[in-house]
Amino acid sequence: MAENIDIKKIQQSMPDYNAIGALSDFFKIMGDSTRLQIILSLQNGELCVSDIAACLEMSVSSVSHQLKSMRLSRIVKQRKEGRTVYYSLDDSHVADILATSLEHVSHII
């Protein structure tokens, strides 16, 4: 064991089990390439399902399925206008995490 390591201090600084679980779930959602493409398209502003589907060349039902899990995970939010539902990123943290991640992988590729 290395010198001067305070195991108790490290343990106390760790998030609780629920926070770790929520973080794991967040990364599971973010770890899917289709959902990442949806997030990237929503960085330009809110879009309806058919617009997202057109951007990604996917079916509306496939995009809707992904958006549901993303909404439940609070990665995206929705706004209804008449019969049309518009989606946007839930908050700026999602865009910040994506930007930081893209910066990281740019050094790898």
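Computed from a prediction, not measured in an experiment: that's the story for all the values here. (Residues numbered from 1 in each chain as written. Predicted model: local features only at pLDDT ≥ 70, side-chain atom pairs only at ≥ 80, totals over all residues. Heavy atoms only, no water.)

A short note on the pattern of salt bridges
- Tallying each qualifying case throughout the model produces 3 salt bridges.
- R79 is the salt-bridge partner of E46, the closest N and O atoms lying 2.3 Å from each other. Taken together, the residues span a long stretch of sequence, with E46 in the loop between α3 (33–42) and β1 (47–48) and R79 in strand β2 (residues 76–81) at a distance of 33 residues.
- On the accessibility criterion, E46 (36% relative accessible area) is partly exposed.
- Relative accessible area serves as the criterion here: at 34%, R79 is assigned to the partly exposed category.
- One salt bridge in this structure joins E81 and R79, with 2.8 Å as the shortest N-O distance.
- By sharing partners, the salt bridges in this structure join E46, R79 and E81 into a single network. (Salt bridge = Lys/Arg side-chain N within 4 Å of Asp/Glu carboxyl O. Helix = DSSP H or I, 4+ residues; strand = E, 2+ residues; numbered from the N terminus. Buried < 20%, exposed > 50% of the residue type's maximum accessible area, 1.4 Å probe, protein only.)

Looking at the confidence of the model for the protein chain
- Summing up the model confidence of the protein chain, the mean pLDDT is 93 and the portion of residues at 70 or higher is 98%.
- Confidence, expressed as mean pLDDT per element, reaches its minimum in the protein chain at helix α6 (residues 92–108) with 90 and its maximum at β1 with 98. (pLDDT = per-residue confidence, 0-100.)

Things to note about the packing of α3 against helix α5 (residues 60–72)
- As a packed pair, α3 and α5 sit with axes 10 Å apart at the nearest point and diverge in direction by 85 degrees. Between α3 and α5, the interaxial angle falls into the category roughly perpendicular. Seen from α3, the contacting residues are T34, R35, I38 and I39; seen from α5, they are V63, Q66, L67, S69 and M70.
- Grouping the constituent residues of the contact of α3 with α5 by class yields 5 nonpolar, 3 polar and 1 charged. (Axes fitted to C-alpha atoms, helices over the stretch in contact; angles between N-to-C directions. Parallel < 35°, antiparallel > 145°, perpendicular 65-115°, else oblique. Contact = heavy atoms within 4.5 Å. Nonpolar A, V, L, I, M, F, W, Y, C, P; charged D, E, K, R; others polar.)

Notes on the environment of R74
- Relative to the elements of secondary structure, R74 occurs in the loop between α5 and β2.
- The class of R74 is exposed, set by a relative accessible area of 61%.
- R74 sits 25 residues away from A99 along the chain, and the two C-alpha atoms are 18 Å apart.

Here's the deal with the sheet that holds β2
- Spatial ordering of the open sheet is given by β1-β3-β2, a layout of 3 strands whose pairing is antiparallel. Unpaired on one side and paired on the other, β1 and β2 mark the two borders of the sheet.
- Pairing between β1 and strand β3 (residues 84–89): 2 bridges, direction antiparallel. Within β3, the residue paired with C48 across the bridge is Y86.
- Running at roughly 115 degrees to β2, α5 makes contact with β2 and β3 of the sheet. (Pairing = 2+ DSSP bridges.)

With respect to helix α2 (residues 17–30)
- With 14 residues, α2 should cover 20 Å at 1.5 Å per step; its first-to-last C-alpha distance of 20 Å lies within 8% of that length.
- Those residues of α2 not exposed but buried are F26, I29 and M30. Around the axis of α2, the buried residues are gathered within 95 degrees of arc, so they sit on the same side. Exposed residues pointing more than 90 degrees away from the buried face of α2 are listed as Y17 and K28.
- For α2, the N-terminal cap is D16; the gap from its side-chain oxygen to the backbone nitrogen of N18 is 3.1 Å. (Expected span 1.5 Å × (residues − 1). Arc of directions from axis to C-beta. Polar contact = N/O pair within 3.5 Å; in protein donor to acceptor, adjacent residues only side chain to side chain.)

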